[in-house]
Amino acid sequence: MTRVSGLLSIEVVVDGNQVVDARASGGQFRGFEMMMRGRHVTDAPYFTERVCGICSAAHGYAGALVADRAYHNELPPNGWILRNFILGAEILQNQIRHFYLLSLPDFVEFPPVPPFQGVVGGDYRLGVAATGRMVANYIRAVDASRKCHEMMAAFAGKAPHAHGMVPGGVSVPVTADRVLKCSSLLEETISFLDDCYLPDVETLAGAYPDYFQIGSRPARFYSSGLFRVGPRMDTPLTPSGVLYDGRVEPVDPLFIQEHLRRSWFDEGLPHPAPDPDKPLAYTWSTAPRYRGMALEVGPLARRAVCEASGPPGRTLFPGPGTGTMDRLIARAVEARQIASLIWDLLKTLEPGAPTVAQNPSVADPFVSITVEAPRGTLQHTMLVAGEEIARYNIITPSAWNFSPHDNCGNPGPAEEALIGTVLADPGCPVEVGRIVRAFDPCMSCATHVIRPGRGVKVLAVGQPVGVASSGHDTTQRGVEDARDLGCSRGP
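Our subject in this report is the structure included herewith. (Residues numbered from 1 in each chain as written. Predicted model: local features only at pLDDT ≥ 70, side-chain atom pairs only at ≥ 80, totals over all residues. Heavy atoms only, no water.)

For the protein chain, the count of helices and strands is 11 helices and 17 strands. Of the roughly 17900 Å² of accessible surface on the protein chain, a fraction of 57% belongs to carbon and sulfur atoms. (Helix = DSSP H or I, 4+ residues; strand = E, 2+ residues; numbered from the N terminus. Areas by Shrake-Rupley, 256 points an atom, 1.4 Å probe, with all protein chains shown as cover.)

Next comes the structure, spelled out in structure tokens:
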């Protein structure tokens, strides 16, 4: 499957025209936790930013925060304001890019000219005028996304993989010219959100109302709260919690477990080792669970937890439900809210005031924090020996959303969303690509439809159709280590 970030395989089993089973397989070796061992504590933001080229600032934000907690740093106002501004600009970049460049071609028939040649799809429902407007906005989205990266680079040094996010704050000073430049860029971005992004999502929702149901799953969500403020950055601006059975409860990290039965790891404690030949395993991702539940994270989760935590507020769209269109809408609505929020943050910066405050020695050798990245809740956990990192563990949003079946045989959130889907044309399963991409996976993948008795037919969604004879096995394998920090193991 094209138009996803990273490597991901999605395999679905179809009975008649209905998906009866699904597997999400992450086939990418990273090993960042292994690389972190022996590094200086202050290297955490620089190294972990390389986990992802799309949400690198989110990892830098988390890596800097675990270092802050270890040193008991208290940031000056400019320091924590700039961190949130940088993260907000990155989320805007991601949401714009995701909708136009990754998801929209699933729903809109683009002209057969480069770079759109060879696209295989169907079920296009928009008229000529709406299609033309969205194709034009696709091009404008590239420029809008670039402006968000310019905002990041103004205070982070560069984008992606910012150099300015350091323990104790942000190294780039606040100057009037940088504030004015970012104000101008943000104003143009807001115009794009209001004039293009939100109207286009509304048009799409009107044309595909059935996608409020397609891709649905049980309403179980997790959010740690978006943006953290104050000298210790310990107060989220939006509600945090776990939402299930219609209620929100505070998050207790001790209930987070990483199940390994279907992952290419042995299940030895306390340090599971890679086991690429493990029977029945099909992914390098673990299966994070909370009280044994598969929880969805991301913009829809943040919106659901927020709405369930307080009095009803004004919403631009109905919902949220748990379908494919709900995920696209939540991302768009959140983008507009974040733009307003970082606009306010920008106005509170004080030119010339300090941006960094660092203590000289480690005060706490064990730190675990959760923050919100563009795709959802991100957890970094660090154990320190002296000034060096002894162990490091990362649970990413894609590990939550694209986790495999757990130790009890329960599927992960994306797998749940696929199971039960009725395919209008099993030979061209456009529903699979739409459902999967709405989660904004941080992996590239391929969709396999298995037809019992007739071998394996491989349908690459968004690519010309081909036939292969391979089985289930995924050949690309990778490992993440240090899984046991900050959470207990699954049963």
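Here we come to unusual backbone geometry. Residue proline 160 follows alanine 159 across a cis peptide bond; omega there is 0°. Checked against the element boundaries, proline 160 lands in the loop between α5 (128-156) and β3 (165-166). Phi is positive for aspartate 123, close to 55°, though the residue is something other than glycine. Following the sequence through the fold, aspartate 123 ends up in the loop between α4 (77-103) and α5. Of note in the backbone geometry, methionine 233 takes a positive phi value of approximately 50° without being a glycine. Its location among the elements puts methionine 233 in the loop between β6 (228-229) and β7 (235-236). You can call methionine 233 buried: its relative accessible area is 0%. (Buried < 20%, exposed > 50% of the residue type's maximum accessible area, 1.4 Å probe, protein only.)

In space, the three strands of this open sheet follow the order β5-β8-β9, with antiparallel pairing throughout. Both outer strands of the open sheet, β5 (221-223) and β9 (247-249), are each paired with one neighbouring strand and no more. Direction aside, the axes of adjacent strands within the sheet are offset by 20° on average. Two elements, strand β8 (residues 241-244) and β9, share three bridges in a ladder whose sense is antiparallel. Bridge pairing in β9 places leucine 243 opposite valine 248. Sheet strands in contact with helix α7 (residues 299-309) are β5, β8 and β9, and its direction is about 90° off that of β5. (Pairing = 2+ DSSP bridges. Axes fitted to C-alpha atoms, helices over the stretch in contact; angles between N-to-C directions. Contact = heavy atoms within 4.5 Å.)

Here we take up the environment of valine 66. One can find valine 66 in helix α3 (residues 56-71). Discounting chain neighbours no more than four positions away, the residues touching valine 66 are Ala44, Val367, Ile369, His380, Met382 and Tyr392.

Let us now look at the packing of aromatic side chains. Any pair of aromatic rings gets described here by the distance separating the centres and the angle formed by the planes. Following the criterion strictly, the structure yields 16 aromatic pairs and no others. With centroids separated by 4.9 Å and ring planes inclined at 85°, the aromatic side chains of phenylalanine 99 and tyrosine 100 adopt a geometry described as edge-to-face. One exposure class covers both phenylalanine 99 and tyrosine 100, and it is buried. Ring-pair connections join several aromatic residues into one group, and the members of that group are Phe99, Tyr100, Phe192 and Tyr197. If you follow arginine 291 out to its NZ or CZ, it ends over the ring of phenylalanine 255, 3.9 Å from the centre. The residue whose ring lies beneath lysine 347 is tryptophan 343, and the NZ or CZ to ring-centre distance is 4.1 Å. (Phe/Tyr/Trp six-rings, centres within 6.5 Å; stacked < 30°, edge-to-face > 60°. Lys NZ or Arg CZ within 6 Å of the ring centre and 35° of its normal.)

Here we take up the packing of helix α6 (residues 176-207) against helix α8 (residues 324-348). Two quantities define a packed helix pair, namely the angle between the helix axes and the distance between the axes. Interhelical geometry of α6 versus α8 gives an angle of 160° and a closest axis separation of 10 Å. With respect to α8, the axis of α6 lies roughly antiparallel. Pair α6 / α8 crosses with left-handed handedness. Split into classes, the residues belonging to the contact of α6 with α8 amount to 20 nonpolar, one polar and five charged. (Parallel < 35°, antiparallel > 145°, perpendicular 65-115°, else oblique. Left-handed = near helix turned anticlockwise from the far one by under 90°. Nonpolar A, V, L, I, M, F, W, Y, C, P; charged D, E, K, R; others polar.)

Moving on: the sheet that holds strand β14 (residues 388-395). Taken together, three strands build an open sheet; the order of strands is β12-β13-β14 and the sheet is antiparallel. At either margin of the open sheet sits one strand with a lone partner, and together these are β12 (366-373) and β14. Neighbour-to-neighbour, the strand axes of this sheet turn through a mean angle of 20°, independent of strand direction. Of the strand pairs in this sheet, strand β13 (residues 376-385) and β14 are connected by seven bridges, and their pairing is antiparallel. When the bridges of β14 are listed, valine 384 appears paired with isoleucine 389. The strands touched by α3 within the sheet are β12, β13 and β14, with β12 carrying the most contacts at an inclination of about 150°.

Close approach of charged atoms allows side chains with opposite charge to pair. The full count for this structure, using the stated rule, is 25 salt bridges. The partner of arginine 289 in a salt bridge is aspartate 406, and the shortest N-O contact between them spans 2.9 Å. Of the two residues, arginine 289 is situated in strand β11 (residues 287-290) and aspartate 406 in the loop between α9 (397-401) and α10 (413-418); the sequence distance between them amounts to 117 residues. Given a relative accessible area of 0%, arginine 289 falls into the buried group. Glutamate 307 serves as the salt-bridge partner of arginine 303, at 3.1 Å between the closest nitrogen and oxygen. Taken together, the residues span about one helical turn, with arginine 303 and glutamate 307 both in helix α7 at a distance of four residues. (Salt bridge = Lys/Arg side-chain N within 4 Å of Asp/Glu carboxyl O.)

Attention shifts here to the nonpolar core. Counting residues in each nonpolar core, the largest one holds 113 residues, and the members touching the most others are Tyr100, Phe155 and Tyr197. The next biggest cluster of nonpolar side chains, apart from the first, holds 11 residues, and it includes Ile256, Tyr290, Ile395 and Ala399. (Core = buried A, V, L, I, M, F, W, Y, C linked by side-chain atoms within 4.5 Å.)

So, on to α5. With 29 residues, α5 extends 42 Å from end C-alpha to end C-alpha; this agrees with the ideal 42 Å at 1.5 Å per step. Considering bend angle alone, the principal kink of α5 is centred on isoleucine 139 and spans about 30°. Phi turns positive one or two residues past the end of α5, at glycine 157, with a value near 95°. (Expected span 1.5 Å × (residues − 1). Bend = angle between axes of the 7 residues up to and from the residue.)

What follows concerns the side chain of glutamate 33. For glutamate 33, the location among the structural elements is in helix α1 (residues 32-36). A polar contact is formed between the side chain of glutamate 33 and the backbone nitrogen of isoleucine 394, at a distance of 3.2 Å. (Polar contact = N/O pair within 3.5 Å; in protein donor to acceptor, adjacent residues only side chain to side chain.)

It is worth spelling out the packing of α4 against α5 at this point. Closest axis-to-axis distance for the α4/α5 pair is 9 Å, and the angle between their directions is 165°. What the angle tells us is that α4 and α5 run roughly antiparallel. As α4 runs across α5, the sense of the crossing is left-handed. Contacts between α4 and α5 involve Leu82, Phe85, Ile86, Ala89, Glu90, Leu92, Gln93, Ile96, Arg97, Tyr100 and Leu101 from the first element and Asn137, Tyr138, Ala141, Val142, Ala144, Ser145, Cys148, His149, Met151, Met152, Phe155 and Ala156 from the second. Of the residues that constitute the contact of α4 with α5, the class distribution is 17 nonpolar, four polar and two charged.

As far as function goes, none of this settles anything; it's purely spatial.
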